[in-house]
Amino acid sequence: MQYPFENAHWISCPDCPADTAPVFRAEFDCSAGADAVLYLSGVGFETVSLNGQELDDELLSPAFSRYDKTVYYRELSLKPYVREGGNRLEITLGNGWFNQQQEDAWQFEHAIWKASPRLVCAVYCGGKCLLASGSDWLCAPSGTVFNSLRCGETCDARIEELNWHAARVMPPPGGRLRRQTIDPIRVRRTYAPICTVPFASPTIYDFGINLSGNVEICVEGAKGSRVDIFYSELITINGRVSRELIAAHVHSQRFQQDTYILKGEGQETWHSKFGYNGFRYACVRTTGDCRLLSVHARQTTG
């Protein structure tokens, strides 16, 4: 298909706070096992699920570009996930490089394309358009109440009932839509900590190598308890994560910090989705009635 977006519009989530990741949803009818295909561009970054199942393992997609010149879209097969009758598609958007809020040495917060996250998409089967993005879609601020490419992410798992309302048709980012063909970023390997830093409080986990990626935690505890993760490539001689070299590049008090607020229902596993970190060490602080069951580093690669 030469151009799949003839019937689709760019849409955004009106009144969504700038640091919150909006989620969009729509439904379409299909036959189970049908060869349906999703064409999607969601900027800054997108995660996609169909009927509650995540579609793929790609990270930080679509690829970064000069959004006023080029905007990449992806082609994703829905065949393994479609069911008979109604199918619910949900897409969540992170800020990425498209809508950076925090000041840094590279000044992406002043990028000429900066705007609220937005998407354009269409679902086809047998050459027929089954669904296209437009003002009939619903949207809402998600439980990811903070997300920043370099400053981290906060997920409030207590937020499950969302305030759905109509999406708004918006101007496109400006660049020409082109199909993404480069190799995606994925998790290459996971690492258990080799040790913890002696006498450090809160606990600092040492993964033995410098890597890019994030940490996945498994926790259980009371609703509203929280876990804060602070990433660093260095530690000080008195056993603290070192931030001195970072401060020259990111002009924000928060940097490489992920936070998870528990919903309080058994074991909960979580990792951030819309940023990346350079680290060897992860300082993990728990607050409230919360028990950390496991910590693993996820190394990413393109």
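Here is what the cut-offs are and how they apply
Residues numbered from 1 in each chain as written. Predicted model: local features only at pLDDT ≥ 70, side-chain atom pairs only at ≥ 80, totals over all residues. Heavy atoms only, no water. Pairing = 2+ DSSP bridges. Helix = DSSP H or I, 4+ residues; strand = E, 2+ residues; numbered from the N terminus. Salt bridge = Lys/Arg side-chain N within 4 Å of Asp/Glu carboxyl O. Buried < 20%, exposed > 50% of the residue type's maximum accessible area, 1.4 Å probe, protein only. Core = buried A, V, L, I, M, F, W, Y, C linked by side-chain atoms within 4.5 Å. Contact = heavy atoms within 4.5 Å. Lys, Arg positive; Asp, Glu negative; His and termini not counted. Polar contact = N/O pair within 3.5 Å; in protein donor to acceptor, adjacent residues only side chain to side chain. Phe/Tyr/Trp six-rings, centres within 6.5 Å; stacked < 30°, edge-to-face > 60°. Lys NZ or Arg CZ within 6 Å of the ring centre and 35° of its normal. Disulfide = S-S within 2.5 Å.

Chemist: Any chance you could break down the sheet that holds strand 5 (residues 53-54) for me, citing the residues and the numbers?
Modeler: Taken in spatial order, the six strands of this open sheet run 5-4-7-2-10-13, and their pairing is antiparallel. Strand pairing shows two members of the sheet lacking a second neighbour, strand 5 and strand 13 (165-166), which therefore form its edges. Of the strand pairs in this sheet, strand 2 (residues 22-30) and strand 7 (residues 85-94) are connected by eight bridges, and their pairing is antiparallel. Across the sheet, residue Ala-26 finds its bridge partner in strand 7, namely Leu-89.

Chemist: Describe the pattern of salt bridges, listing the residues and the values that go with them.
Modeler: Counted by the stated rule, this structure contains 16 salt bridges. Salt-bridge contacts for Arg-88 lead to Glu-27; the nearest nitrogen and oxygen are separated by 3.0 Å. Of the two residues, Arg-88 is situated in strand 7 and Glu-27 in strand 2; the sequence distance between them amounts to 61 residues. A salt bridge links Arg-66 to Asp-68; its shortest N-O distance comes to 2.7 Å. Exposure remark for Arg-66: the relative accessible area of 44% places this residue in the partly exposed category. Given the relative accessible area of 21%, Asp-68 is considered partly exposed. Each of Glu-46, Asp-56, Glu-58 and Arg-74 takes part in one network of salt bridges that share partners.

Chemist: Before we move on, can you summarise the nonpolar core with the specific residues and values?
Modeler: Membership of the largest hydrophobic core comes to 28 residues, with the highest contact counts inside it found for Phe-24, Phe-28, Leu-38, Leu-78, Leu-89, Ile-91 and Trp-137. Every element with two or more residues in this core is listed here: strand 2, strand 3 (36-43), strand 4 (45-50), strand 7 and strand 8 (118-125). Excluding anything up to four places from it in sequence, Trp-137 contacts Ile-11, Phe-24, Arg-25, Ala-26, Leu-89, Ile-91, Cys-121, Leu-131, Ala-132, His-165, Ala-166 and Ala-167. Tyr-39, Tyr-73, Tyr-124 and Leu-149 belong to the second largest nonpolar core, which has 26 residues in total.

Chemist: Pulling in residues and values, what's your account of the environment of Phe-146?
Modeler: Of note, Phe-146 is situated in strand 11 (residues 144-148). Along the chain, Phe-146 and Pro-17 lie 129 residues apart, while their C-alpha atoms are 9.0 Å from each other. Ignoring anything within four residues of it in the chain, the contact list for Phe-146 reads Asp-19, Gln-102, Cys-151, Gly-152, Glu-153, Thr-154 and Arg-254.

Chemist: So, the side chain of Glu-268: which residues are in play, and what are the values?
Modeler: When you line up the elements, Glu-268 lands in strand 21 (residues 268-270). Lys-263 provides the closest opposite charge to the buried, salt-bridge-free Glu-268, at an N-O distance of 5.8 Å.

Chemist: Summarise the environment of Asp-56; cite the residues concerned and give the values.
Modeler: Relative to the helices and strands, Asp-56 resides in the loop between strand 5 and strand 6 (70-77). Overall, Asp-56 belongs to the partly exposed group, its relative accessible area being 24%. Between the C-alpha atoms of Asp-56 and Ile-194, which are 138 residues apart in sequence, the distance is 30 Å. Beyond its immediate stretch of four places on either side in the chain, Asp-56 contacts Arg-74 and Leu-76. A polar atom in the side chain of Asp-56 sits 2.5 Å from the side chain of Arg-74.

Chemist: I'd love a proper account of the packing of aromatic side chains, names of residues and values included.
Modeler: The final tally for this structure, using the stated rule, is 13 aromatic pairs. On the basis of an interplanar angle of 25 degrees and a centroid distance of 5.4 Å, the ring pair of Tyr-260 and Trp-270 is categorised as stacked. Taken as a pair, Tyr-260 in strand 20 (residues 257-261) and Trp-270 in strand 21 lie far apart in primary sequence, ten residues in all. The class for Tyr-260 is buried, based on a relative accessible area of 5%. Residue classification places Trp-270 among the buried positions, given a relative accessible area of 9%. The ring of Trp-164 carries the charged tip of Arg-25 above its face, separated from the ring centre by 4.2 Å.

Chemist: Quick one: what's the story with unusual backbone geometry, residue by residue and with numbers?
Modeler: In this structure, the amide linkage connecting Val-43 to the following residue, Gly-44, adopts the cis form with an omega of -5 degrees. Inspection of the secondary structure puts Gly-44 in the loop between strand 3 and strand 4. With an omega of 0 degrees, the peptide bond between Ser-201 and Pro-202 qualifies as cis. By the secondary structure assignment, Pro-202 is in the loop between strand 17 (195-196) and strand 18 (203-221).

Chemist: Tell me about the state of the cysteines, residues and numbers included.
Modeler: All told, the structure shown has zero disulfides when counted by the stated rule. Cys-13 provides the cysteine sulfur closest to Cys-16, a residue in no disulfide bond, and the two sulfurs are 4.7 Å apart. By relative accessible area, Cys-16 is classed as buried at 18%. Not engaged in a disulfide, the cysteine Cys-155 finds its nearest cysteine sulfur in Cys-290; these two sulfurs lie 13 Å apart.

Chemist: So what about the side chain of Asn-214? Which residues, and what values?
Modeler: Considering the arrangement of structural elements, one finds Asn-214 in strand 18. One polar contact links the side chain of Asn-214 to the main-chain carbonyl oxygen of Ser-272, over a distance of 2.9 Å. Not counting the four nearest positions on each side in its chain, Asn-214 is found in contact with Tyr-231, Asp-258, His-271, Ser-272, Asn-277, Phe-279, His-296, Ala-297 and Arg-298.

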